[in-house]
Amino acid sequence: MSTAVVTGGAGFLGSHLCDYLLAKGHRVLCIDNLDTGSLQNVEHIQSGEDFLFINHDLTEPLFLDEPVNYVFHFASPASPIDYQRLPLHTLKVGSYGTHNMLGLAKFKRARFLVASSSEVYGDPQVHPQAETYWGNVNPIGPRGVYDEAKRYAEALVMAYHRQQGVDTAIARIFNTYGPRMRPYDGRAVPTFLRQALEQKPVTVFGDGSQTRSFCYVADLVRGLVALAESDENLPVNLGNPEEKTLLELAETVIRVTGSSSEIVFEALPVDDPQVRQPDITRARQALGWEPEVSLEDGLQRTIDGDWEERGRDTPNLVARDQPPGREES
Ligand code: NAD
């Protein structure tokens, strides 16, 4: 049986990845310090021979006394609210954390996959974004801690691959949504869903003309595992190529939820990218992968998933998750 380490495994994407890997017959070691994740995301998985949860901060070294075949490195604050609350930690987990996990993969001769992000493209001057585009990132803006951590992690992965011979993969993940997102994590889909389901105004930043693409989590996880099982070492975009404006997303959420909410407009955040759309030619060719779930279907599945339970979470969840004084350490 093959063993996969999933860091950030108690988070949104990591927990879906754990489910998928277990269903495919892998043994899973889920490693998380619960900074932004929750045990609730993995409580449905029986702990035992096939699944082990390890509470560990990845900025510290990790020793595992058993064979490992895959390392999926997903640990990192991911929503702007989280990484702006944890700027130093975001840089540390992208740097030390990635070093530590690459060292583990090297020692175990495991295939290593890092969760990079479309944010490495910054506010792109090229549209849609192919992997050959080098990006346009503001290193000193409020988003720089996340964007540059991901860019540094990519550089590190390629160095371990080229100089140390580690078998590595880089997934450039575009906006993904689905069950287990936190209603107050600040990302567009859970925010709009929460507002629409509560019949409150749906808040769109700017005039809503900025574009994003939204990939349903089951599609993404299928692509991640296909990438891990491939022999591709260069970055691969994984996301839904169907481009939507934020205004279209808000309208779709209101339609799918049957809400009577109105749409209101708020100031655009600093360095908010104007456009975002993956060119997934490489994923199609190298992995035979493309998304299958439509936005309407994915939103419905998100609501049917665990939304009612999550909806009871309060904005304080963010504050409760964070040990006091963490950023000073
Ligand atoms: P998430 O916040 O739900 O999950 C991140 C997980 O990492 C959490 O469980 C958190 O507790 C854990 N973590 C953070 N720091 C840690 C540390 N030092 N040690 C151990 N665990 C730690 O976010 P997500 O949306 O599931 O994102 C997962 C990964 O995918 C991140 O690396 C993110 O940058 C990347 N990504 C996500 C998206 C998306 O749309 N969701 C898009 C691009 C990239």
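The structure this text deals with has already been given above.
Residues numbered from 1 in each chain as written. Predicted model: local features only at pLDDT ≥ 70, side-chain atom pairs only at ≥ 80, totals over all residues. Heavy atoms only, no water.

Asker: An account of the pairing of strand β11 (residues 235-238) is requested, with residue identities and associated values reported.
Answerer: Judged by which residues are buried, β11 turns out to be covered on both faces: Pro235 and Asn237 on one side and Val236 and Leu238 on the other are all buried. Direction of pairing for strand β6 (residues 168-173) relative to β11: parallel, over a ladder of four bridges. Paired with Ala171 across the bridge in β11 is Val236. (Buried < 20%, exposed > 50% of the residue type's maximum accessible area, 1.4 Å probe, protein only. Helix = DSSP H or I, 4+ residues; strand = E, 2+ residues; numbered from the N terminus. Pairing = 2+ DSSP bridges.)

Asker: Break down the site of the ligand for me, with residues and values.
Answerer: Around the ligand lies a shell of 29 residues, among which Phe12, Leu13, Asp32, Thr36 and Tyr146 are the nearest. Note that an oxygen atom of the ligand is positioned 2.8 Å from one of the backbone N or O atoms of Leu13. Within the side chain of Asp32, one N or O atom sits 2.5 Å away from an oxygen atom of the ligand. Relative to its free-state accessible area of 820 Å², the ligand is covered by the protein chains to the extent of 98%. Contributions of two or more residues to the shell around the ligand are made by α1 (12-23), α3 (87-108), β5 (111-117) and α4 (144-164). Sort the elements by how many residues they give to the shell around the ligand and β5 lands first, with three residues. Along the lines of polarity and charge, the residues of the shell around the ligand split into 12 nonpolar, 12 polar and five charged. (Near = heavy atom within 4 Å. Polar contact = N/O pair within 3.5 Å; in protein donor to acceptor, adjacent residues only side chain to side chain. Areas by Shrake-Rupley, 256 points an atom, 1.4 Å probe, with all protein chains shown as cover. Nonpolar A, V, L, I, M, F, W, Y, C, P; charged D, E, K, R; others polar.)

Asker: Describe empty space enclosed by the protein, with residues and values.
Answerer: The full count for this structure, using the stated rule, is one cavity of 30 Å³ or more. Estimated volume of the largest cavity: approximately 90 Å³. Lining the largest cavity we find 14 residues, and of these Ala75, Ser76, Gly94, Thr98 and Lys150 sit closest to its centre. If you list the elements that add at least two residues to the lining of the largest cavity, you get α3, β5 and α4. Broken down by class, the residue content of the lining of the largest cavity amounts to eight nonpolar, five polar and one charged. (1 Å grid on protein atoms, 1.4 Å probe; cavity = no way out; pocket = protein on both sides within 12 Å on 5 of 7 lines; lining within 4 Å. Points joined across faces, edges and corners; volume = space filled by probe spheres on them.)

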